[in-house]
Amino acid sequence: ISYSTVCYGSGEVVSSGEEAGACRIVSTNEGGTVFSFDSSNIEKVKEPKWANYILGVVAQYTADLKQGELLSFDLAITGDVPLGSGLSSSASLEVSVARFLECILGDDTAFSSVWKWNEVDRKKAIERALRCRKAENIYADSPCGIMDQYVSSAGKKGCALMIDCRSLDYQEVRMGENSTEENKETPAVVVCNSNVSHSIASGEYPIRVAQCQNATSVLQSSVAINDSTTIESLRDATIEHLAQCQNQMDDITYKRAKHVITENDRVTQAVTALQVGDWKKMGVLMNASHESLRDNFEVSCKEIDVLVELAKSYGDGVYGSRITGGGFGGCTVTLLRQKDVDGLIRHLKEGYKEKLGLDCSCFVTDAGDGSRVIQL
């Protein structure tokens, strides 16, 4: 989304010594209290929790330093990415800090622990995302995947990203790149924050991972008997493969696998729909995705379902709507005609209040650039 986290500061690479690795960070979103740490001894802290996201990123870049070198910096952070709403505010923070550190290290040092020469920006964006995910996994104790950090690192204005989680490569998908005259008008994207977050969410992610791994194991053992297909993960399976193994899985495992397999198919269809500007087709895919996330992957909730149904009931101007983020609350994303934006937002706010007695917040956005350095 075209919202940002901004890091501003100064720093340098210093020789080790007493207080050589002194670092200070402050965030306008966290009350403005300065947090200090020593980059020679980076450990998780109980409070403030937000500092762990930064500590984790700094730890990932220390391997690029020569023996006896340390990072020392002062860093101020601000931003307008909504916090705790499933819109990747943590990934935005991590990737912004990563770019700041790369500026301190310089082109010859950043990523030197991975490559022996400077690589193209595309490969740097991928490595940056991997480091930031590792930072969140270890320092924030969040078993997240790669998507949030990836799009924050490699996003490009006007484009969606199709990420291959096996090769870790990506494809920029420019919206309406090959659209016909009929579909020439680029649609609007409205994000609606339910302003609810259910505590169950934090523990459900690893459960879904385990369920998908269980389904993969069943498919691997069963399909190999009847088919030459090699199934390394659910992306290799078809819905026909799943049907063959349904009686060997419990209902929940089957539903989890069904979501992943059909969602992968929807993603490949979405690439074509976005490129040719087939917004109606894209809307159908979004609606189907939400239904599967609700019924098969079971990560939606009443508040989100109400918002999706309200969007779909608005009229022909809405192409499609679905949950976004980790689930169990957070936000919906709706694709619609530009001229219907104001009417839809009113419809969502009034309907949400009427049905649930709650307030939602909405904003219009588009596909913005990923991390970048701004010269002042």
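Each value, and the rule that gives it
- Residues numbered from 1 in each chain as written.
- Predicted model: local features only at pLDDT ≥ 70, side-chain atom pairs only at ≥ 80, totals over all residues.
- Heavy atoms only, no water.
- Core = buried A, V, L, I, M, F, W, Y, C linked by side-chain atoms within 4.5 Å.
- Buried < 20%, exposed > 50% of the residue type's maximum accessible area, 1.4 Å probe, protein only.
- Helix = DSSP H or I, 4+ residues; strand = E, 2+ residues; numbered from the N terminus.
- Contact = heavy atoms within 4.5 Å.
- Pairing = 2+ DSSP bridges.
- 1 Å grid on protein atoms, 1.4 Å probe; cavity = no way out; pocket = protein on both sides within 12 Å on 5 of 7 lines; lining within 4 Å.
- Points joined across faces, edges and corners; volume = space filled by probe spheres on them.
- Nonpolar A, V, L, I, M, F, W, Y, C, P; charged D, E, K, R; others polar.
- Polar contact = N/O pair within 3.5 Å; in protein donor to acceptor, adjacent residues only side chain to side chain.
- Expected span 1.5 Å × (residues − 1).
- Axes fitted to C-alpha atoms, helices over the stretch in contact; angles between N-to-C directions.

Turning next to the nonpolar core. Counting 32 residues, the largest nonpolar core has Ile 25, Phe 73 and Leu 101 as the members making the most contacts within it. Taken together, the elements giving at least two residues each to this core come down to strand E2 (22-27), strand E3 (35-38), helix H1 (50-61), strand E4 (69-79), helix H2 (89-105) and helix H3 (121-139). Setting aside residues up to four positions removed in sequence, Leu 101 forms contacts with Val 57, Val 58, Tyr 61, Leu 71 and Phe 73. Judged by nonpolar contacts, the second largest core, of 23 residues, contains Val 260, Ile 261, Cys 301 and Phe 328.

Take the pairing of E4 next. Alignment of strand E1 (residues 5-15) against E4, held across eleven bridges, turns out to be antiparallel. Across the sheet, Gly 9 pairs through a bridge with Leu 75, a residue of E4. As paired strands, E2 and E4 are joined by five bridges and run parallel to one another. Counted as the bridge partner of Arg 24 is Asp 74 from E4.

Take the layout of surface pockets next. The gaps left among the atoms become clear once a water-sized probe is rolled over them. Computed from the structure, the second largest pocket encloses a volume of approximately 390 Å³. Lining the second largest pocket are 23 residues, with Arg 99, Glu 102, Asp 121, Lys 124 and Arg 128 positioned closest to its centre. Counting residues per element, the ones that place at least two in the lining of the second largest pocket are H2, H3, helix H4 (147-154) and strand E6 (170-174). At five residues, the largest contribution of residues to the lining of the second largest pocket is made by H3. Here the residues of the lining of the second largest pocket sort into seven nonpolar, five polar and eleven charged.

Checked against the element boundaries, Gln 60 lands in helix H1. Not counting chain neighbours up to four residues away, the residues in contact with Gln 60 comprise Arg 131, Lys 134, Ala 135 and Tyr 139.

Below, the discussion takes up the environment of Ser 300. For Ser 300, the location among the structural elements is in the loop between helix H8 (279-295) and helix H9 (302-313). The exposure class of Ser 300 is buried, given its relative accessible area of 13%. Residues Ser 300 and Met 175, 125 residues apart in the sequence, show an inter-C-alpha distance of 27 Å. Leaving out residues up to four positions away in the same chain, Ser 300 has contacts with His 290, Leu 293, Arg 294, Asp 305, Ile 323 and Phe 328. Engagement of the side chain of Ser 300 in a polar contact is seen with the side chain of Asp 305, the distance being 2.6 Å.

With that settled, consider H2. In a regular helix each residue adds 1.5 Å, so 17 residues correspond to 24 Å; H2 covers 25 Å between its end C-alpha atoms and thus fits that length. Burial runs high along H2: 15 of the 17 residues are buried. Positive phi appears at Gly 106, one or two residues downstream of H2, with a value of about 85 degrees.

For the rest of this paragraph, the subject is the environment of Ala 76. Locating Ala 76 in the fold gives a position in strand E4. Overall, the relative accessible area of 33% leaves Ala 76 in the partly exposed class. Between the C-alpha atoms of Ala 76 and Ser 27, which are 49 residues apart in sequence, the distance is 5.8 Å. In contact with Ala 76, not counting residues within four places along its chain, are Val 6, Cys 7, Tyr 8 and Val 26.

Our focus in this paragraph is the sheet that holds E2. Sheets are built from strands that pair by backbone hydrogen bonding, the pairs being arranged parallel or antiparallel. Ordered in space as E1-E4-E2-E3, the four strands form an open sheet in which the pairing is mixed. In this open sheet, the two edge strands, each paired with only one partner strand, are E1 and E3. The average undirected angle you get between the axes of adjacent strands in this sheet is 15 degrees. On the sheet, H1 packs against E2, E3 and E4 and is oriented at approximately 140 degrees with respect to E2.

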